[in-house]
Structure formats: structure tokens, C-alpha cells
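Observations on the model geometry
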Amino acid sequence: ECLVILVAIMTKKSNTTTKTKRVADQYNDPNHNYLRYWDGRKYEHLAEEIAIHKLLGGKRFQTAVDVGGGYGRLFLILEEFADKVTLAEPSQQQLDIAAEFLKNHPEIDRKLVQAGDLPFDDASIGLLTMIRVMHHLPDPAPEFNEIARVLRKDGYAIIEVANYAHIRNRIKHLAKLKKLPKQPIDIRSAANQREDEIPFVNHNPKTVIKQLNAAGLRVERTLSVSNLRSTRLKKLLPKEVMLGAEKAVQRPLATVYFGPSIFFLVRKG
């Protein structure tokens, strides 16, 4: 959902201007319906719900903001933990889809915003989630700074990371006797690696932790998510079996960043 579109193209020091480029076309394109993208991805969706329950169990917040939340896919689960949930999304098309998808939930607040420029007061948000967004952020520092700004002193954020250090890449790099890169890796095809295409990167989780710390955000818990993500496995195994295994391994596999998706529970301070 991953729908944050503010991308820094050029950054210079304080005595120069900063040029930025906003890329929203993919998620505003009527031929690209993100709601339909989730057809056939029930396991991945429920794996993320399991992770959120694990990370937030026992907690309650007055306010929650789902940054880059698309059409509101995770709204219902976030409403279990917060009195008010705001869908903060940079794509107008996604907000329009959300109006229909959540038509029985008029209490949701929908805002057209960028993750790097959140329209919330300092220290005003109890819970912020940013899930399936980081793969569009080669440099997430501006977004992390904004998250730190708007979170309350005792506030929490769930940051999901598209993980380059997953087990398959670890095996590939080990076979070549190469270290995993610290910088984000662009996984687009060569033909799509253009400025007019939205970035699509995977991150090294250890680097992301350092970036979070630099913004004043401390990682309290880590989960490895969607560990069984495989078209073949989804055909062979019942969904209930896959989800039972997923629930059991999210915590232990987090120590080695096993899965394609890493969930960080971070706290301000």
C-alpha cells in the first residue's frame, strides 16, 4: 500500500534549493486498481494482521494514522487498537476506492497527504503505521523525521520494511562469498529504472534501524512476516496450515531477518 510518492531527486546543502519530484501515477492510474492487487494474496494480508496483533496486543490509543494506507486495507484491524483512525494516503484514487470499501465505516478520516509532510501537530499521534511503503523510499530519512515529529512522547509506530536480507538473498550472496549490501537495492527491471517511474527498492534492515535511531525512533520489537510467501506453497498447503506456521515463526525468524517483510515496532525517544 505502499503509496507514498514523495521522492527526493536532488538534495543540496542549506544555501541551495531542494528539488523534489512527486510520483503518483501508478496509484492514480485507473488501470491499476490496488484493491484488485490483493486478490489471491489472502495469506500475505492475514500474515500482516497476525504481526500487528503481536506487536500491539494489550495497547490502546486515542489516535492512529495509517500512512500510505491505500484503500484502507488495514483500517478494521487498526480500529481495534485506536479510538480514531486516519487514512493518510497520497493517491486520490485510493481514497476514492476507500470511500466505497469502507462505506459502512463513516468514522474513518481520509486525508490526501505525503508521508514526508504530515498535516498533524507535533506530538499529537499515539500510533502510526507505515506498511508496504518503504519499498518506494530509497531514502526514508524525511519520512522518519516526520514520524518522530508527530508521535507523542509515548507513541508507537509500526514500520514495515521490504527486506533485501531475506533468506534467499542470504544464500545467493553466501554462494558468491559476497556481503549483503548496506544501501537500498533497486529491484526494478533495467527498462523501468527511470526518473518517471516510481522507485521500488529493498532495504537492509540493519541500515533501517540506524536510520530510525538517527530520527529519534527506537526499535522495541521485530517480526519476520510472510515467511511462507510462495505461489507453490499456497497451492499445496491449506491457508490455515500456512497461517498457523506463520504465527509460530514470526518472532524466532526475526533474529535472522528470514522473510521478505520485516515489521519494526518503534517508539519515540
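Each remark here, short or long, concerns the structure printed above.
The structure reproduced in this document is the subject of the present report.

Definitions and cut-offs
Residues numbered from 1 in each chain as written. Predicted model: local features only at pLDDT ≥ 70, side-chain atom pairs only at ≥ 80, totals over all residues. Heavy atoms only, no water. Buried < 20%, exposed > 50% of the residue type's maximum accessible area, 1.4 Å probe, protein only. Helix = DSSP H or I, 4+ residues; strand = E, 2+ residues; numbered from the N terminus. Arc of directions from axis to C-beta. Contact = heavy atoms within 4.5 Å. Polar contact = N/O pair within 3.5 Å; in protein donor to acceptor, adjacent residues only side chain to side chain. Salt bridge = Lys/Arg side-chain N within 4 Å of Asp/Glu carboxyl O.

1. A few points about helix 8 (residues 205-214)
Among all positions in helix 8, only P205, V208 and L212 are buried. The buried side chains of helix 8 occupy one side of the element, clustering within an arc of 55 degrees when seen end-on. Exposed residues on helix 8 whose side chains face more than 90 degrees from its buried face are K206, K210 and A214. In the core, the buried residues of helix 8 are packed alongside helix 6 (141-150), strand 7 (151-162), strand 10 (217-225) and strand 11 (261-268). For helix 8, the N-terminal capping position is held by N204, with its side-chain oxygen 3.0 Å away from the main-chain nitrogen of K206. Positive phi shows up at G216, right after helix 8, with a value of about 85 degrees.

2. Regarding the pattern of salt bridges
Within this structure, the stated rule accounts for 13 salt bridges. The salt bridge involving E44 is made with K234; its shortest N-O contact spans 2.9 Å. Within this pair, whereas E44 is found in helix 3 (residues 42-56), its partner K234 is found in helix 9 (residues 231-236), the two being separated by 190 residues in sequence. Residue class for K234 comes out partly exposed when judged on its relative accessible area of 27%.

Distances and angles like these do not, on their own, reveal function.
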